[in-house]
Amino acid sequence: MEYDLATQDLSEVNQALQNAEGGKFSLLNPQGKHALACGLMHKNQVSIKGHAGYYVAGMNQNADIVVEGNAGSGCAENMMSGTVTVQGDASQYAGATAHGGLLVIKGSAAARCGISMKGVDIVVGGNVGHMSGFMAQAGRLVVLGDAGADLGDSIYEAKIYVRGTVTSLGADCIEKPMQDSHRAELQGLLDQAGLVAEVNDFKRYGSSRKLYNFNVNHLGEY
Amino acid sequence: MCGIVGLFLKNPKLNKSLGSMTASMLYEMRERGPDSAGFAVYQSSNVPEIKITLLDQSGGVDFSALVTAIEAAFSCAVEARIVHNHAFLRTNADGAEIRRWIIQKHPEITVLSVGHSLEMVKAIGDPKNVMADYDLSGYHGSHAIAHTRMATESAITTAGSHPFSTGSDTCLVHNGSLSNHNNVRTFLQAKGESFQTENDSEVAAGYLAWRMRSGDSLQQAIDCALQDLDGFYTFAIGTREGFAVVRDPIGCKPAIIAETEDWVAMSSEFRAIATLPNVAQAKIWEPEPATIYSWEH
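This report concerns the structure included in the present document.

1. Comments concerning the overall build of chain A
Part 1: Along its length, chain A carries two helices and eleven strands.
Part 2: In chain A, the succession of helices and strands from N to C terminus is β-α-β-β-β-β-β-β-β-β-β-α-β.
Part 3: Here chain A has a C-alpha radius of gyration of 18 Å; the compact-globule value for 222 residues is 17 Å, and the two agree.
Part 4: Along the three orthogonal principal directions, the C-alpha set of chain A runs to about 65 × 45 × 25 Å.
Part 5: Across the 222 residues in chain A, those meeting the buried criterion constitute 52%.
Part 6: Of the roughly 9300 Å² of accessible surface on chain A, a fraction of 49% belongs to carbon and sulfur atoms.
Part 7: Charge-centre separation for chain A: the mean point of 16 positive side chains lies 5 Å from the mean point of 22 negative side chains.

Laid out in structure tokens, this is it:
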């Protein structure tokens, strides 16, 4: 089924998508509109035929959403499950606070990708901007290109894999050894994302757990 | 929040469409700035005269009397076109001197712009009406920048609307807020710059104008601005021959650039660019923080 956003009201289209169960939908002429295909809760397939604006596929549960273009700020924000695929680039804070599901960005993601992620898997074909993975709590962020400054600043228990260079690591984020289990996990994520890369070329980053753990030796400072 | 757009035409065949293309972009940015709007258009720059755009915020200025007074004070001829509360003057006298004279003698008048090719309009109200009232679509030219404002740092006034210009043919639009504008304003006043508002963005315009008057290229001036201006900003900047875009190092404020063989467009959001001809063929990217993107004719 097709909806043409050049003529149809966005709220009505979103409501129809939210109410549908098990359908296949195309959204024509998105023209950078905001909040496309937001709040979907059922197993639908949605294809957005062009560039999306802010908050596309926000709060997604179960649906598989493809943006056939670029995505504006906050794409797949607070996603719970399902998949969101951006075939172009994504603007800042892609996948912010997302709890689950898979976000694939075939191009590059701008600053703060995966900020405060809480369990989502994010695979980025290109680069990510500065402060990506900031306060990431759980989930996995895979970057096939380079990462900007302060990667994983104040990170909790999320895992970050980067193939290219990292401008700098943020507070409490360190490089960690790649073990077979990590290589297998990474390969699985690349396969799911449909992206090809040699897992041995990646480095793994995570928390040194000094920032968020209480250390009894510091009791006197409280 | 504010909306900004900029359009730089590489193909002069499109010059007749500059106004209508800019208007279609600005129309899409109304939601980001519903309280006021403004635009600056660079028209043909091979005219020898100086253009001066004036704004009467009081509603009581007699522009004809002002023109006579300028003609007497500077022994020159002045041509004037008056549209609502704007006056567009043309003269062969020294524009910077006339600007200084008006600011001193007529504080009720705001000098919006001075230059060989720059004309500027700003007004309170729905951007759609501002564009219609001042016929943005009818403008021809080589490049333009425009702004829709949602006032956060100072009152909704025409003078607080963008663009801002303090130097010849130099102006900017700003999305964001500067935190050290008071200090920079004081510093620039000591260097002889004059300001007409308390607005932070006017300070940024004054800063660039001061650097370029001191011999900097646009690129060098923006390089220094990245060091000296503190706060959140995406700027679109126009000069007589050029157009530039820069975001602060944190990159909070949005920006997107698209380029084809015929034009370069920037905006706060893609939906403004989506209206342009052949956008499907455009190279589209988000400008990196603290990186200067510029084009010149």
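Structure shown, so let's carry the discussion forward.
2. Structural notes on the interface of chain B and chain A
Part 1: Contacts between the two partners involve 15 residues from chain B, matched on the other side by twelve residues from chain A.
Part 2: For the pair chain B and chain A, the summed buried surface comes to about 1000 Å²; carbon and sulfur atoms form 46% of the total.
Part 3: Per-residue buried area on chain B facing chain A is highest for F270(B), R271(B) and E286(B); these three make up 39% of the total on that side.
Part 4: Where chain B touches chain A, the interface holds zero salt bridges.
Part 5: In this assembly, chain B and chain A are joined by seven residue pairs in polar contact (both at pLDDT 80 or more).
Part 6: A breakdown of the residues in the side of chain B that touches chain A according to their chemical character gives eight nonpolar, two polar and five charged.

3. Here's the deal with helix α6 (residues 200–213) of chain B
Within an α-helix, residues lying three or four positions from one another point in the same direction, as the helix has 3.6 residues per turn.
Residues and elements named next belong to chain B.
Part 1: Taking 1.5 Å per residue as the helical rise, α6 with its 14 residues ought to reach 20 Å, and the 20 Å between its terminal C-alpha atoms agrees with that figure.
Part 2: Taking burial as the measure, the 14 residues of α6 include 13 buried ones, the bulk of the element.
Part 3: The residue sitting at the N-terminus of α6 and contributing the capping side-chain oxygen is N199; that oxygen lies 2.7 Å from the backbone nitrogen of S201.
Part 4: One or two steps after α6, the chain reaches G215, where phi turns positive at roughly 110 degrees.

4. Let's talk about helix α2 (residues 63–74) of chain B
Residue and element names in this part refer to chain B.
Part 1: Here α2 is twelve residues long and its end C-alpha atoms lie 16 Å apart, about the 16 Å a rise of 1.5 Å per residue gives.
Part 2: When α2 is considered as a whole, its buried residues turn out to be F63, L66, V67 and I70. One side of α2 carries all its buried residues, which in axial view fall inside an arc of 100 degrees.
Part 3: Here the buried face of α2 lies against β3 (50–56), β4 (78–83), β5 (86–91), α3 (95–105) and β6 (109–115).
Part 4: N-capping of α2 is provided by D62, with a side-chain oxygen placed 3.1 Å from the backbone N of S64.
Part 5: Residue S75 follows α2 closely and has a positive phi angle near 45 degrees.

5. Some details on the pattern of salt bridges
Part 1: This structure, assessed with the given rule, holds 17 salt bridges over all chains.
Part 2: K43(A) is paired through a salt bridge with D64(A); the nearest N and O atoms lie 2.9 Å apart. You can see K43(A) sitting in the loop between β2 (24–28) and β3 (45–48) and its partner D64(A) sitting in strand β4 (residues 64–67), a full 21 residues away along the chain.
Part 3: Assessed through its relative accessible area of 22%, D64(A) is described here as partly exposed.
Part 4: Residue E119(B) pairs with R81(B) through a salt bridge whose shortest N-O separation is 2.9 Å.

6. A few points about the packing of helix α5 (residues 181–190) of chain B against α6(B)
Residue and element names in this part refer to chain B.
Part 1: In the contact formed by α5 and α6, the axes pass within 9 Å of each other and the chain directions differ by 40 degrees. Classified by the interaxial angle, the pair formed by α5 and α6 is oblique. In terms of crossing hand, the pair formed by α5 and α6 is left-handed. Between α5 and α6, the contacting residues are H181, V184, R185, F187 and L188 on the first element and D200, V203, G206, Y207 and W210 on the second.
Part 2: Looking at side-chain class alone, the contact of α5 with α6 contains six nonpolar, two polar and two charged residues.

7. Some thoughts on the sheet that holds strand β11 (residues 231–238) of chain B
Residues and elements named next belong to chain B.
Part 1: Strands sit in the order β9-β10-β11-β12-β16 across an open sheet of five strands; the sheet is antiparallel. For this open sheet the edge positions go to β9 (164–167) and β16 (293–296), each flanked by a neighbour on one side alone. Going across the sheet, the axis of each strand differs from the next one's by a mean of 20 degrees, ignoring polarity.
Part 2: When strand β10 (residues 170–178) meets β11, the two strands line up antiparallel, connected through eight bridges. Its bridge partner lying in β11, L178 is registered against G231.
Part 3: Against the sheet, helix α7 (residues 218–228) makes contact with β11, β12 (242–247) and β16, and its axis sits at roughly 20 degrees relative to β12, the strand it touches most.

8. Let's talk about the side chain of S47(A)
Residues and elements named next belong to chain A.
Part 1: Secondary-structure assignment places S47 in strand β3.
Part 2: For S47, a relative accessible area of 12% puts it in the buried group.
Part 3: A distance of 3.4 Å separates the side chain of S47 from the side chain of K49, its partner in a polar contact.
Part 4: Other than its neighbours up to four places away in sequence, S47 contacts F25, S26, L27, V66 and E68.

9. Let's talk about the nonpolar core
Part 1: Residues L17(A), L27(A), V46(A), I48(A), V56(A), I65(A) and L103(A) are the most contacted members of the largest nonpolar core, which totals 48 residues.
Part 2: Other than its neighbours up to four places away in sequence, L17(A) contacts Y3(A), F25(A), L27(A), A37(A), L40(A), N44(A) and V46(A).
Part 3: In this structure, V5(B), V130(B), L136(B) and L276(B) belong to the second largest nonpolar core, which totals 36 residues.

10. Focus: a nonpolar patch on the surface
Residues and elements named next belong to chain A.
Part 1: A contiguous nonpolar patch, built from F214, V216, L219 and Y222 and spanning about 520 Å² of accessible area, is present on the exposed surface.
Part 2: Examined against the element boundaries, L219 turns out to sit in the segment after β11 (203–207).
Part 3: When its relative accessible area of 53% is taken as the criterion, L219 is described as exposed.

11. Digging into the packing of α6(B) against α7(B)
Residue and element names in this part refer to chain B.
Part 1: Across the interface, α6 lies against α7 with an axial gap of 9 Å and an inter-helix angle of 130 degrees. Comparing the axis directions of α6 and α7 gives the class oblique. Of the two possible hands of crossing, α6 and α7 adopt the one that is right-handed. Within the contact between the two elements, α6 uses Y207, L208, R211 and M212 and α7 uses L218, A221, I222, C224, A225 and D228.
Part 2: The residue inventory of the contact of α6 with α7, partitioned by class, reads eight nonpolar, no polar and two charged.

Analysis parameters
- Residues numbered from 1 in each chain as written.
- Chains lettered and ligands numbered in written order.
- Predicted model: local features only at pLDDT ≥ 70, side-chain atom pairs only at ≥ 80, totals over all residues.
- Heavy atoms only, no water.
- Helix = DSSP H or I, 4+ residues; strand = E, 2+ residues; numbered from the N terminus.
- Rg over C-alpha atoms; globule rule 2.2 N^0.38 Å.
- Buried < 20%, exposed > 50% of the residue type's maximum accessible area, 1.4 Å probe, protein only.
- Areas by Shrake-Rupley, 256 points an atom, 1.4 Å probe, with all protein chains shown as cover.
- Lys, Arg positive; Asp, Glu negative; His and termini not counted.
- Charge placed at Lys NZ, Arg CZ, Asp CG, Glu CD.
- Contact = heavy atoms within 4.5 Å.
- Buried area = accessible area lost by both parts, 1.4 Å probe.
- Salt bridge = Lys/Arg side-chain N within 4 Å of Asp/Glu carboxyl O.
- Polar contact = N/O pair within 3.5 Å; in protein donor to acceptor, adjacent residues only side chain to side chain.
- Nonpolar A, V, L, I, M, F, W, Y, C, P; charged D, E, K, R; others polar.
- Expected span 1.5 Å × (residues − 1).
- Arc of directions from axis to C-beta.
- Axes fitted to C-alpha atoms, helices over the stretch in contact; angles between N-to-C directions.
- Parallel < 35°, antiparallel > 145°, perpendicular 65-115°, else oblique.
- Left-handed = near helix turned anticlockwise from the far one by under 90°.
- Pairing = 2+ DSSP bridges.
- Core = buried A, V, L, I, M, F, W, Y, C linked by side-chain atoms within 4.5 Å.
- Patch = residues over 30% accessible without salt bridge, like charges linked within 9 Å, V, L, I, M, F, W, Y side chains within 5 Å.

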